[in-house]
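Chain residues, written in single-letter form:
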Amino acid sequence: MSSSRVITVLGATGRQGGSVVRAIAADPDGGFVARAVARDKDSARAKELSALGVEVVEADLDDRASLRRAFDGAHGAFVVTNFWEPLGARSLATTRTEREQAQARNAAEAAAASGLRHVIWSTLDDTRRYLPDAARLEGGYPVPHADGKADADAFFRDAGVPTTFVNAPMYFDMLLTVTPPRRAENGAVVLALPIGSARVVSGKVENVGLVAYGVFRKGDAMIGRTVPIASQLVTGEQFADGIAAALGEPVQYVPLEPAALLTSGMPDAAELANMFQFFINAEKDLTAGVDFDRLRRLGADLQPFADWAVAHRDQFRALVR
């Protein structure tokens, strides 16, 4: 549609940005088209997006001028940064937090200069008031990948950018990667999670794209709002029950203290320990902030974890062989 409004999607070859591109592309008559941004438009992932009929352009969050070009003529943009990406030669930053905040500032200022009508900034909650005694890590934050984004919210507000703030959930597939089930020596399958009895705001990554597209469709009514994204509020017992349904055998949930991660040898263990402690300490506020009726109206797929796990049974089975 020649009159379609262009949404420039940063991080389009990543998980969040890719989900936004696919959600827009799946509705060719919806009045919007995606412009996917990649550092290398000849990469395999960029070519996958091109095969969907999506325009792919090159830009880099470390290069504000390239963002201006990517935003040129667009109605809006989806902005996401990747804290976990290793530091490279493209950035002058000395820490991941410093780089991420510089990138967010670049995006906000480029969006303001380009006159974008609607920006979605993928942020996260500020954990500091819930973790007063936690160790301060990179940037003086207890959970740098969350707190640094929360502080970067101000860049969009201060630049006068019409912005909706979305908070991604703990992804279901963390149960396949970061905290997977294991088969114990006695043959039982065990799921050890550092969340105690808390209900955790959880979901599948595809919902980021579905909700973001819904936010763009709602338009001005969503400016200034924060939208926590989720598919379900899930306890450790419910995670275990869902994996049991996928495996066809019982799974025992073993609650861990978040501090147990500190001796796990896991990369960024201190940050993850603080993150899980935040899920516990802030449970009441985090769960109260999720409006499932609004998420449905925005187009979210509220698939329960158990159904998602069954759909991924082969991956769970491979973990416990």
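A brief structural summary. (Residues numbered from 1 in each chain as written. Predicted model: local features only at pLDDT ≥ 70, side-chain atom pairs only at ≥ 80, totals over all residues. Heavy atoms only, no water.)

**Let's talk about the pattern of salt bridges**
Summed over all chains, the structure comprises 17 salt bridges. The residue Glu100 makes a salt bridge to Lys149 at a minimum N-O spacing of 2.8 Å. In this pair, Glu100 is assigned in helix 4 (residues 96–114) and Lys149 in helix 5 (residues 144–158), connecting sequence segments 49 residues apart. Residue Glu100 is classed as buried on the basis of its relative accessible area of 2%. Taking relative accessible area as the criterion, Lys149 reaches 8% and is therefore assigned buried. Members of the salt-bridge network, linked through shared partners, are Arg39, Asp60 and Glu85. (Salt bridge = Lys/Arg side-chain N within 4 Å of Asp/Glu carboxyl O. Helix = DSSP H or I, 4+ residues; strand = E, 2+ residues; numbered from the N terminus. Buried < 20%, exposed > 50% of the residue type's maximum accessible area, 1.4 Å probe, protein only.)

**Comments concerning the environment of Met174**
The topology assignment puts Met174 in the loop between strand 7 (170–171) and strand 8 (182–183). Expressed as a C-alpha distance, the spacing of Met174 and Glu271, which sit 97 residues apart in the sequence, is 15 Å. Sequence-distant contacts of Met174, that is, excluding residues within four places in its chain, are made with Thr179, Pro180, Met275 and Phe276. (Contact = heavy atoms within 4.5 Å.)

**Focus on the pairing of strand 3 (residues 55–58)**
Relative to strand 3, strand 2 (residues 32–38) is paired through 4 bridges, and the arrangement is parallel. Across the sheet, Val37 pairs through a bridge with Val57, a residue of strand 3. After leaving strand 2, the chain enters helix 2 (residues 44–51) and then returns to the sheet as strand 3, a path that is right-handed. (Pairing = 2+ DSSP bridges. Right-handed = clockwise from strand over helix to strand, strands pointing away.)

**A word on the packing of helix 3 (residues 64–71) against helix 4**
Taken N-terminus to C-terminus, the directions of helix 3 and helix 4 make an angle of 45°; their axes are 9 Å apart at the nearest point. Taken together, the axes of helix 3 and helix 4 lie oblique to each other. Where helix 3 crosses over helix 4, the handedness of that crossing is right-handed. Here Arg64, Leu67, Arg68 and Phe71 of helix 3 lie close against helix 4, whose contacting residues are Asn106, Ala107, Glu109, Ala110, Ala111, Ala113 and Ser114. For the contact of helix 3 with helix 4, the per-class residue count stands at 6 nonpolar, 2 polar and 3 charged. (Axes fitted to C-alpha atoms, helices over the stretch in contact; angles between N-to-C directions. Parallel < 35°, antiparallel > 145°, perpendicular 65-115°, else oblique. Left-handed = near helix turned anticlockwise from the far one by under 90°. Nonpolar A, V, L, I, M, F, W, Y, C, P; charged D, E, K, R; others polar.)

**So, helix 8 (residues 269–281)**
Its 13 residues place the ends of helix 8 18 Å apart at the C-alpha level, agreeing with the 18 Å of an ideal helix rising 1.5 Å per residue. Its buried side turned inward, helix 8 meets helix 4, helix 5, strand 7, strand 10 (200–203) and helix 9 (283–288). (Expected span 1.5 Å × (residues − 1).)

**Focus: the packing of aromatic side chains**
All chains considered together, the criterion is met by 11 aromatic pairs. Judged by centre distance (4.9 Å) and plane angle (85°), the rings of Phe239 and Phe305 are edge-to-face. A residue pair is termed long-range when its members are at least 10 positions apart, and Phe239 in helix 7 (residues 236–247) and Phe305 in helix 11 (residues 305–311) qualify at 66 residues. When sorted by exposure, Phe239 lands in the same class as Phe305, which is buried. One aromatic cluster in this structure is built from Phe172, Phe239, Phe305, Trp308 and Phe316. The ring of Phe155 carries Arg105 above its face, with NZ or CZ at 4.1 Å from the centroid. One Lys or Arg, Arg157, reaches over the ring of Phe165 and ends 4.5 Å from the middle of that ring. (Phe/Tyr/Trp six-rings, centres within 6.5 Å; stacked < 30°, edge-to-face > 60°. Lys NZ or Arg CZ within 6 Å of the ring centre and 35° of its normal.)

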